[in-house]
Amino acid sequence: MAPRRSDDMTSAERTALYRTLAHPLRGRILDYLGKHGEANSATLAEVLDESTGSTSYHLRKLAELGLITEIAEKSTGRERWWKSLPFEHTTPDPATMAPAEYAAAEHLGRLKSGRDIELYLRAVREWAGPDGWAQVQRTGTYMTKDQVVAFVAEYKALLARHGAAREDAPEGAQPMSVRLFAVPEAPA
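Summarised in this report is the structure supplied together with it. This one's a predicted model, so the numbers in the text were calculated from it and none came from an experiment. (Residues numbered from 1 in each chain as written. Predicted model: local features only at pLDDT ≥ 70, side-chain atom pairs only at ≥ 80, totals over all residues. Heavy atoms only, no water.)

As for its position among the elements, alanine 150 is in helix H6 (residues 145–162). Residues alanine 150 and threonine 43, 107 residues apart in the sequence, show an inter-C-alpha distance of 43 Å. (Helix = DSSP H or I, 4+ residues; strand = E, 2+ residues; numbered from the N terminus.)

See the structure below:
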């Protein structure tokens with residue numbers, strides 16, 4: 001199944017997406033489904049220490065945005081099973097965003113940055129040499145804007161070539177958190 005792409009969404013749909021992803025429980029549900037493949041509201045309630053009513057409600061909200069789907073062949077009566085759907089997102093140029101969309105994207109970005117800092121610090125703590133699971137790379141260089149754009153495109157191609165979806169992962173594969181950001185140095 002081809003992933004749903006955020007560039008096919010309207011500003012209002014992206015605003016709803018950012019607000020949904022900023023909700024802490026919804027993020028934890030998506031993380032669980034991404035790592036474990038499927039779950040029902042009772043399973044999620046137990047592992048996330050929430051009520052089944054709460055997990056059921058948030059599962060429906062995630063489904064409304066097309067981030068997850070019900071597994072019809074596994075669902076029976078009131079027991080509904082869910083799995084995540086492939087999804088690709090690129091935040092649009094902020095100059096083209098409506099004010100509500102920009103505010104929601106900025107709020108989500110601030111929440112994610114705290115998680116990214118924790119991941120970075122963990123990678124530094126767990127670094128066990130160049131052949132270990134945790135890797136950290138920081139560098140500085142000179143690039144034109146065209147070179148930066150090409151570099152990011154190649155980075156995405158590398159991830160596609162060397163990574164796999166959970167269901168296609170080879171034996172021994174671990175879920176990996178990989179982050180890239182490139183930004184010009186601030187003027188002196």
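All right, on to the pairing of strand S4 (residues 81–84) then. Both strand S2 (residues 39–40) and S4 contribute to a ladder of two bridges, which runs antiparallel. Counted as the bridge partner of asparagine 40 is tryptophan 81 from S4. In this structure, strand S3 (residues 68–70) lies alongside S4, joined through three bridges in antiparallel fashion. Its bridge partner lying in S4, isoleucine 68 is registered against serine 84. (Pairing = 2+ DSSP bridges.)

The biggest cluster of nonpolar side chains holds 22 residues, and the ones touching the most others in it are Tyr18, Ile29, Leu44, Leu59 and Ile68. Elements supplying a minimum of two residues to this core: helix H1 (11–22), helix H2 (24–36), helix H3 (41–48), helix H4 (52–64) and helix H5 (99–126). Of the residues forming this core, the biggest block, five residues, is contributed by H2. Leave out the neighbours within four places in its chain, and isoleucine 29 touches Leu44, Leu48, Thr55, His58, Leu59 and Leu62. (Core = buried A, V, L, I, M, F, W, Y, C linked by side-chain atoms within 4.5 Å. Buried < 20%, exposed > 50% of the residue type's maximum accessible area, 1.4 Å probe, protein only. Contact = heavy atoms within 4.5 Å.)

Here a ring pair, both rings aromatic, is described through the centre-centre distance and the interplanar angle of the planes. One pass over the structure, following the stated rule, counts zero aromatic pairs. Taking the ring centre of tryptophan 81 as reference, the NZ or CZ of lysine 74 above it sits at 4.1 Å. (Phe/Tyr/Trp six-rings, centres within 6.5 Å; stacked < 30°, edge-to-face > 60°. Lys NZ or Arg CZ within 6 Å of the ring centre and 35° of its normal.)

Axis separation between H1 and H5 bottoms out at 8 Å; the angle between their running directions is 25°. One element, H1, and the other, H5, form an angle in the roughly parallel class. Regarding H1 and H5, the two cross each other, and that crossing is left-handed. Across from Ser11, Arg14, Thr15, Tyr18, Arg19, Leu21 and Ala22 in H1, the residues of H5 making contact are Ala100, Glu101, Ala104, Ala105, His107, Leu108 and Leu111. The residue inventory of the contact of H1 with H5, partitioned by class, reads eight nonpolar, three polar and three charged. (Axes fitted to C-alpha atoms, helices over the stretch in contact; angles between N-to-C directions. Parallel < 35°, antiparallel > 145°, perpendicular 65-115°, else oblique. Left-handed = near helix turned anticlockwise from the far one by under 90°. Nonpolar A, V, L, I, M, F, W, Y, C, P; charged D, E, K, R; others polar.)

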